[in-house]
Amino acid sequence: MVAFGYDCKCNDYKLFAAGSTSSRKMLFDMYSVALNSWKSIEEVPYGFPEGFKSGVLVNGNFHWLADRPEDCSGFLVSLDISNEIFKEMELPIENLEDDLYFYEVGVLEGCLGLLEDLYDDHVRLWVMQNYGVGDSWTVRYTFKDHRILNRDVRLTWSFKSGEILLGGVGTYGLLVCDPKYGRNREPNVSRSRLYQQELYFESLVSLKSSTYVDGKEEIEEPNKKKTRN
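Numbers given for residues are sequential positions, taken from 1 along each chain in its written order. The predicted nature of this model means local features are confined to residues of pLDDT at least 70 and side-chain atom pairs, given and counted, to a pLDDT of 80 or more, with totals for whole chains, interfaces and linings taken over all residues. As a rule here, side-chain values come from all non-hydrogen atoms in the structure, and water together with hydrogens is ignored.

Draft legend 1. Here's a closer look at the packing of aromatic side chains. Geometry of aromatic contacts follows a simple scheme: Phe, Tyr and Trp rings, the Trp one being its six-membered ring, pair when their centres are within 6.5 Å, and the pair is stacked under 30 degrees between planes, edge-to-face over 60, tilted otherwise. According to the stated counting rule, one finds 14 aromatic pairs in the structure shown. With 6.4 Å between their ring centres and 45° between their planes, Y141 and F143 make a pair best called tilted. Categorising residues by exposure relies on relative accessible area from a 1.4 Å probe, with only protein chains included: less than 20% of the type maximum marks a residue as buried, more than 50% marks it as exposed, and the intermediate range marks it as partly exposed. The class of F143 is buried, set by a relative accessible area of 5%. An aromatic cluster is present here, built from F16, F28, Y46, F48, F62, W64, F75 and F86 joined pairwise through their rings.

If you want it as structure tokens, here you go:
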């Protein structure tokens, strides 16, 4: 299980990788591009039912669905990319007597999103409208297309037009949904099935250059410390 992103607080790219231990916990290691070194950051007592999916980046934190091995109760876990600290987050609660089953974390219009399976009848998309506020979870869309009724679906991207790109579904692995008009279509992007899709964001910060987003640059002169123009 991996996650990769840019830490703007210390101007560093970080790669997080996790693997299970003999104690049935997950040990997270972090590689710093700036320091060119690995370190162990924390051993967490969680299970990750999503397997080895990449972390979903929202608000400077990576997110995964997790559960507690002792009672299999589910929750969201976040990892702060800068402080390298894990926190538990609340899942949506609709009725205390009903257990909601969530199987996918994603991003919708910059907000944290969750896909919920409702007994193979339809899928609901929940959105956390105010990050970190459990009471702000709300159902944004409901999907009833038979192609979406499987637990391999991934919430991949949301367009300004309101359309949503789902991965892991359809003939070739992608499906564009238009919730406003209730229309779904498979984009003609590949003749072979795409089994896994990942997002990436272009950055002005190179992995190894000294160029910063604000346009300033570090210049190193002989026998002098680095300074900014």
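Draft legend 2. Region of the structure containing unusual backbone geometry. Positive phi is not limited to glycine here, since N11 has a value of about 55°. If you check the backbone angles, E109 has positive phi at about 55° while not being a glycine. Numbering of helices and strands starts at the N terminus; helices are DSSP runs of H or I of at least 4 residues and strands are runs of E of at least 2. Structurally, E109 can be placed in the loop between β9 (101-108) and β10 (111-118). With relative accessibility at 48%, the residue E109 sits in the partly exposed group.

Draft legend 3. Here's a closer look at the nonpolar core. F16, F28, F48, W64, V77 and F86 are the most contacted members of the largest nonpolar core, which totals 19 residues. Where this core is concerned, the elements lending two or more residues are β2 (12-20), β3 (26-32), β4 (37-44), β6 (61-67) and β7 (74-80). Excluding residues that lie within four positions of it along the chain, F86 makes contacts with F28, I41, E42, V44, W64, V77, S78 and L79. The definition of a nonpolar core used throughout is a set of buried Ala, Val, Leu, Ile, Met, Phe, Trp, Tyr and Cys residues joined through side-chain atoms within 4.5 Å. If you look at the next biggest cluster of nonpolar residues, it comprises 15 residues, including Y103, V123, L125 and L155. By definition in these notes, contact holds between two residues if any of their heavy atoms fall within 4.5 Å.

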